[in-house]
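Breakdown of the fold
Single-letter residue listing:
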Amino acid sequence: MSGSQIKSEGYSERLETVSSDILRNVRFNKGFILWMGFLILALAACLFAYYIQLRKGLGVTGLRDVTSWGMYIANFVFFVATSLVGMLISSVLGLSGAQWVKPIARIAEIIAVAFAAVAGLVIISDMGRPDRLPYVFLFGRVQSPILWDVTVVTTYFFVSLLLWFLPVIPDLAIAKTRLNGRPGILIKVYELLSLKWIHHPKQYEILRQAMRVLLILIVPLAFAIHTVTSWLFAVTPRPGWDSSIFGPYFISGAFVSGTAAVIIAMYFFRVSYKLQKYLTEDHFEKIGRVLVLVSIVYLYFNLNEFMVPGYKLKSLDAIHLKELFAGEYAPLFWGVQLLGLVIPVILLLFRRFRKPFPMLIISIAVLAAAWLKRYIIVVPPQGHPFLPVQHVPVEWVIYKPTLIETAVTFASIILVLIIVTVLSKLFPILPIWELAEDESGSDIDKTDNN
Amino acid sequence: MRRYFFGLLLIQLLIPTLSAQEWIVPADKKGKLSTFPFNDETRKAGEKLYSINCMSCHGTPGKANYLPLVPPPGDPATEKIQKNNDGEIFYKVSVGRGQMPSFRSVLTSNEIWNVVSFLRSFNTAYKQQVMPVITSSAYPGAVIGLLVSFNPADSTIILKASATSEKSSVPVADAEVKLLVKRTFGMLPVDEPQTTDKEGLATFRVPADLKGDTAGMVLVSARFTDEDVFGSAGKDTLLNAGQKVTPVSLVAQRAMWNNVRKAPVWIILAYGLGVLIAWGFILLVLMKLRDIYLVGEIVSSDKKE
């Protein structure tokens, strides 16, 4: 594999083809500028909502004494969940020797970096006094899952960033001589970030060692980040959160939403960057199978999560479950379980649905359902605390997100899109050096009309 | 079949009615009256007791902000509760029913009467009837008193009941007396109730593990069981009858709820090791990046030469 200076036959031709195909997209074209302009305008509008929240306090949100964790925390859990896919694709599949993940791994890492980075910011949006954020570090209690969460989110973000950056280094070295006509600053950045990469075998060897360390390190970290996030709930005595399987339940759910996010990203890069040659139907076919697998695992945890309390029916659990199954939240609950989990699994079992476009539609449904599922996990259990909340106005009991809250949540999603756009547009989206080294080169030479 | 359903329906309708039926107080308890007249002092004491023991369910009297329980606890200022006579309220607070706990062992009779006194302040139409001074047939005109002392030799508390009149003091014989000690929440009975002997004496065994304050002192309260005959004459005495206990602060030792310096060792280790290992590996990777840079620099400078 990589590292050998004696390159396989046809390497230099393949390198030329691959690099020109991929670097073609690294430019500031009209579409990019329009898209970024749109994103920044939308972000500014949403940040104005945050400014209002900052000035007037959390009272402008729907959060009150009874439901103190609403859309923000649901969004946070969703972000942490989706970021886990970096670990699944590069590490679990990559280390097990699945060669087909090579072109997808970087996309998965970009998703991981973007969602992990913004997850931390989402937490700040839920704080009434964000100026007190340093207190978490100054006076943080190691007994509180909050401190663990802040630590692990930061660490995971950093490792994901490294995991994205390391395989980019050789590409930057390849690209820096091939970026004619691009702004000088971009070439300077490439020069700086390529860390004097000269394709020396020793450099490849060090890179491979470093990658191996990261790929192993990211596994416990990814498990930690989402298990700790689940502890925020599981160690809080509430019916509906009082579960011993919350850690694995969250992690299995994370793989579902993350895989869906990667499929959506794959589709858009394939179409708008014209990468049909590299992100082939076969890749969709295979990641479609991965989505089926992780969805079935998640379905199993869902079954367990609701069956056990549903069998015992402790009084407050019964109220909670009744509300989910047949009450106020029933349309949302069954919609999410059926449209976001059961039906996608059934459809994806058929080969004809594991094609790029059908999978895009299915993945959008899965991702939207994943967001709503976090809402169902976070919000309804707070309506029935073990100790009744007293002396509060009736309108405080039922949580309804406000427009401002929704706008701030949108800001976080826009921020993710901005990070994904920057990382995918200003840097090579596929690993040039790995694809060029691929001796089989089968897919690259074939013309794919899809 | 129709009749069967009708029967079922009737039962369905009756069940809530039955559960919400009148709370009947035994006839002999209904007429019970306070032995002292209600005044500002008793109302104040009652308000304090009410806020500690009753407010969490019944809310602030007159505000109707009681807990939404089934059956509803109700606001004590309303007519529904005020139409009870003193004896009925006293009985209901003492005995309790369903979710309403019994306060017999939490509050003394006088304390319950203080609460009644406070509740009556919300009823402008209320006129108090005071129990006539007890003059037990056996001890006409005498004041009945209790005296307790601790005997460390055999760990017993000796109680002496006597009826004192202007002329003389005679022992109260054949009266059932009980002994309670004050705990954090309510009064704890010590030993079984005893009957005084001819000398008016009764002996209570003190359990060996009775905890006192730092000096071993406990507040002992002696009372007659039959308050109707002997009145609520009680005697609260501090006795050196308990173990010396030096309370340990809940934040003195390492605990989950403590601050970070006093966190359990295992959690500090788990967190610390986790952070060290993860960031150790990250540092290792950063060093490798430095190595990549150095290799590039050395090789390219070699080439230039």
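Cut-offs applied
Residues numbered from 1 in each chain as written. Chains lettered and ligands numbered in written order. Predicted model: local features only at pLDDT ≥ 70, side-chain atom pairs only at ≥ 80, totals over all residues. Heavy atoms only, no water. Helix = DSSP H or I, 4+ residues; strand = E, 2+ residues; numbered from the N terminus. Contact = heavy atoms within 4.5 Å. Salt bridge = Lys/Arg side-chain N within 4 Å of Asp/Glu carboxyl O. Buried < 20%, exposed > 50% of the residue type's maximum accessible area, 1.4 Å probe, protein only. Polar contact = N/O pair within 3.5 Å; in protein donor to acceptor, adjacent residues only side chain to side chain. Buried area = accessible area lost by both parts, 1.4 Å probe. Nonpolar A, V, L, I, M, F, W, Y, C, P; charged D, E, K, R; others polar.

Observations concerning the side chain of E323(A)
- Mapping E323(A) onto the fold places it in helix 12 (residues 315-325).
- Residues contacting E323(A), with those up to four places away along its chain left out, are E328(A), Y329(A), A330(A) and H384(A).

Some points on the pattern of salt bridges
- Under the counting rule described, the total for this entry stands at 16 salt bridges over all chains.
- A salt bridge links R178(A) to E16(A); the nearest nitrogen and oxygen atoms lie 2.5 Å apart. You can see R178(A) sitting in the loop between helix 7 (145-176) and helix 8 (184-193) and its partner E16(A) sitting in helix 1 (residues 11-23), a full 162 residues away along the chain.
- Residue class for R178(A) comes out partly exposed when judged on its relative accessible area of 24%.
- Of the residues examined, E16(A) reaches a relative accessible area of 43% and is grouped as partly exposed.
- Close ionic contact of D86(B) with R120(B) constitutes a salt bridge, the shortest N to O distance being 2.9 Å.

Section: the environment of D40(B)
- Residue placement: D40(B) occurs in helix 3 (residues 40-53).
- Separated by 3.2 Å, the side chains of D40(B) and R43(B) make a polar contact.

What about the interface of chain B and chain A?
- At the interface, 33 residues of chain B touch 30 residues of chain A.
- Contact between chain B and chain A buries roughly 2,700 Å² in total, counting both sides, with carbon and sulfur atoms accounting for 81%.
- Considering only the side of chain B, the residues that lose the most area to chain A are Y271(B), V285(B) and I292(B), jointly responsible for 23% of the buried surface there.
- Inspection of the region where chain B meets chain A yields zero salt bridges.
- Where chain B touches chain A, the interface holds nine residue pairs in polar contact (both at pLDDT 80 or more).
- The element best represented in the side of chain B that touches chain A is helix 9 (residues 265-304) of chain B, accounting for 21 residues.
- Split into classes, the residues belonging to the side of chain B that touches chain A amount to 24 nonpolar, five polar and four charged.

This is a description of form; function is not addressed.
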